[in-house]
Amino acid sequence: MYYKFSGFTQKLMGAWASDAYSPQGLKPVVSTEAPPIIFATPTKLTSDSTAYDYAGKNKVPELQKFFQKGDGVPVHLKRGLPDQMLYRTTMALTVGGTIYCLIALYMASQPRNK
């Protein structure tokens, strides 16, 4: 007996040999010929270009030395004023949000006077 997968019931069901050997989801064989060129000027193939056309100087070794210096400054503050501003803003928003949540919880726990 031959079986076929039913897309409706999501189960195997009995089928004729012709149905079992030609499943529903398969497409006919596609030709291997290239389609005709649509544009007059051919495009540049990826194999023609080098992989490093866009890359500038490699800064990774310099940045590794910079961030691994043992000067006692935490890594998230190594770049100076912009890092300090981001850190302080983040801490202020965190403390402010915590205080706001505590106040909201306190107000929600108190019954309203009528």
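Every chain begins its residue count from 1, and numbering advances along the sequence as written. Given that this is a predicted model, residues contribute local features only at a pLDDT of at least 70 and side-chain atom pairs are listed and counted only at 80 or more, while totals for whole chains, interfaces and linings are drawn from all residues. To obtain the side-chain values, all non-hydrogen atoms of the structure were used and water was disregarded.

Trainee: How would you summarise a nonpolar patch on the surface if you had to cite specific residues and measurements?
Mentor: Nonpolar side chains (Val, Leu, Ile, Met, Phe, Trp, Tyr) are joined into patches within 5 Å and like charges within 9 Å, using only residues with over 30% relative accessible area and no salt bridge. Areas reported as accessible are Shrake-Rupley estimates using a 1.4 Å probe. Residue values count occlusion only from the protein chains shown. Each reported salt bridge corresponds to a side-chain nitrogen of Lys or Arg within 4 Å of a carboxyl oxygen of Asp or Glu. Together, Val95, Ile99, Ile103, Tyr106 and Met107 give the surface a local cluster of nonpolar side chains, amounting to about 530 Å² of exposed area. Every helix listed is a DSSP run of H or I at least four residues long, and every strand listed is a run of E at least two residues long, numbered separately from the N terminus. Note that Ile99 resides in helix α3 (residues 81-109).

Trainee: Describe in detail the UniProt feature "transmembrane region" (unreviewed entry) in the chain, supporting the description with residues and values.
Mentor: Under the UniProt annotation, the feature "transmembrane region" (unreviewed entry) is placed at residues 85-108. Taken end to end, residues 85-108 is 100% helix and 0% strand, and its two terminal C-alpha atoms sit 34 Å from one another. UniProt positions are given in the numbering used here, feature names are shortened, and annotations may be inferred rather than shown by experiment.

Trainee: Before we move on, could you go through the pairing of strand β1 (residues 2-5) and cite the residues and values that matter?
Mentor: Any two strands are treated as partners once DSSP identifies two or more bridges connecting them. The sheet contact formed by β1 and strand β2 (residues 12-15) spans four bridges and is antiparallel. Within β2, the position partnered with Lys4 by the bridge is Met13.

Trainee: Tell me what's going on with the pattern of salt bridges, and back it up with residues and numbers.
Mentor: Counting across every chain of the model gives two salt bridges. With a shortest N-O distance of 2.8 Å, Lys57 and Glu62 are connected by a salt bridge. For every residue, the accessible area (1.4 Å probe, protein chains only) is compared with the maximum for its type, and the residue is labelled buried under 20%, exposed over 50%, or partly exposed between those bounds. Residue Glu62 is classed as partly exposed on the basis of its relative accessible area, which comes to 43%. Residue Lys78 pairs with Asp71 through a salt bridge whose shortest N-O separation is 2.8 Å. The class for Asp71 is partly exposed, based on a relative accessible area of 45%.

Trainee: Tell me about the packing of aromatic side chains, residues and numbers included.
Mentor: In this scheme Phe, Tyr and Trp rings, the latter by its six-membered ring, pair at centre separations within 6.5 Å, and the angle between planes marks the pair as stacked below 30 degrees, edge-to-face above 60, and tilted otherwise. As enumerated under the stated definition, the model contains one aromatic pair in all. Ring geometry for Phe66 against Phe67: centres 5.3 Å apart, planes inclined by 75°, an arrangement best described as edge-to-face. For Phe66, a relative accessible area of 30% corresponds to the partly exposed category. Residue classification places Phe67 among the partly exposed positions, given a relative accessible area of 28%.

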